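Working through the structure, step by step
Residue strings, one per chain:
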Amino acid sequence: MGAVKTKRMPRAVREQQMLDAAVETFGRRGYLAASMDEIAELAGVSKPLVYLYLNSKEDLFTACIRREAEALVGAVRAGVDTGLPADRQLWDGLLAFFAHTGRHPHAWSVLHIQARTHGETFAAEAAAMRAEIVAFVTQLIVVAAREAHRDPDLPEREVAGLAEALVGAAESLAAWANTAESVTPRQAAATLMNFAWAGLGNLMTGHPWSPPEP
């Protein structure tokens, strides 16, 4: 195959074009099976140009993870109006999460599957994104506790555990929803709200479920 002819365009635009092609290829084929030749062809550039801009397959994949993590976190934050009640904030955040992962299934595959299974460096990038989302959800739970006029100083471990559980459930549900064409972002968000908010609501008003005595 001959060299791909490329039109002159700003470096930043060309780089985003390469990242778009890389995310699609990594998400569809997996990190190991994806080739730089395929990515270059999909981006409409030469393979040497991809290496010139992004150095190596490892660096390209890292750049993809960072870009898509930033986009996902940004979408969730942008979807939440902090002036609304806590349940509405959680609903809007979940809806934004499922809408974004539904619109960008290859990006979600990169973050949720590929980054976590191909080395500590990539996994650390994905973990940083997840930690930011968990911290954001933790604050929503704290707000809910204050709105319910319950002791706002919930134990840190309890709040952190609830946030971890909620984010984990959202991740699993997003992976499922992306393989079930009939599931809309709104339906996925409603499923998780129905699963989680009733329990959270009871906890916030001082009526947590307690395990039976041994």
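Residues numbered from 1 in each chain as written. Predicted model: local features only at pLDDT ≥ 70, side-chain atom pairs only at ≥ 80, totals over all residues. Heavy atoms only, no water.

Let's talk about the overall build of the protein
If you tally the helices and strands in the protein, you get nine helices and zero strands. Moving toward the C terminus, one meets the helices and strands of the protein in the order α-α-α-α-α-α-α-α-α. The buried share of the protein, taken over its 214 residues, is 43%. Considering only contacts in the protein between residues 6 or more positions apart, those separated by 24 or more positions represent 70%. A total accessible area of about 11800 Å² is found for the protein, and carbon and sulfur atoms account for 56% of it. (Helix = DSSP H or I, 4+ residues; strand = E, 2+ residues; numbered from the N terminus. Buried < 20%, exposed > 50% of the residue type's maximum accessible area, 1.4 Å probe, protein only. Contact = heavy atoms within 4.5 Å. Areas by Shrake-Rupley, 256 points an atom, 1.4 Å probe, with all protein chains shown as cover.)

Quick word on the side chain of His 100
For His 100, the position within the fold is in helix α5 (residues 86–103). Its relative accessible area of 10% is what places His 100 among the buried residues. Ignoring any residue separated from it by four or fewer positions in sequence, one finds His 100 in contact with Ala 71, Leu 72 and Ala 75.

Observations regarding the confidence of the model for the protein
Taken over all residues, the pLDDT of the protein has a mean of 86, while the share at 70 or more is 84%. The least confident element of the protein is helix α9 (residues 185–204), whose mean pLDDT is 80; the most confident is helix α4 (residues 57–78), at 95. (pLDDT = per-residue confidence, 0-100.)

Concerning the nonpolar core
The tendency in soluble globular proteins is for nonpolar side chains to be buried side by side. Within the largest apolar cluster, 61 residues are counted, with the highest numbers of intra-cluster contacts made by Met 18, Phe 26, Leu 60, Leu 72, Leu 94, Phe 97 and Phe 98. The leading source of residues in this core is helix α7 (residues 120–147), at ten residues. (Core = buried A, V, L, I, M, F, W, Y, C linked by side-chain atoms within 4.5 Å.)

Structural notes on α4
Every α-helix carries 3.6 residues per turn, so stepping three or four residues along brings you back to the same face. With 22 residues, α4 extends 31 Å from end C-alpha to end C-alpha; this agrees with the ideal 32 Å at 1.5 Å per step. Of the positions making up α4, those classed as buried are Lys 57, Leu 60, Phe 61, Thr 62, Cys 64, Ile 65, Glu 68, Ala 69, Leu 72, Val 73 and Val 76. (Expected span 1.5 Å × (residues − 1).)

Observations concerning the pattern of salt bridges
Side chains that differ in charge, positive against negative, can pair when their charged atoms come close. Summed over the entire model, instances satisfying the criterion amount to twelve salt bridges. Here Asp 37 ties to Lys 47 by a salt bridge, and the two come within 3.4 Å at their closest N and O atoms. Within this pair, whereas Asp 37 is found in helix α2 (residues 36–43), its partner Lys 47 is found in helix α3 (residues 47–54), the two being separated by ten residues in sequence. Taking relative accessible area as the criterion, Asp 37 reaches 45% and is therefore assigned partly exposed. One salt-bridge network, in which partners are shared between bridges, spans Arg 116, Arg 130, Glu 164 and Glu 171. (Salt bridge = Lys/Arg side-chain N within 4 Å of Asp/Glu carboxyl O.)

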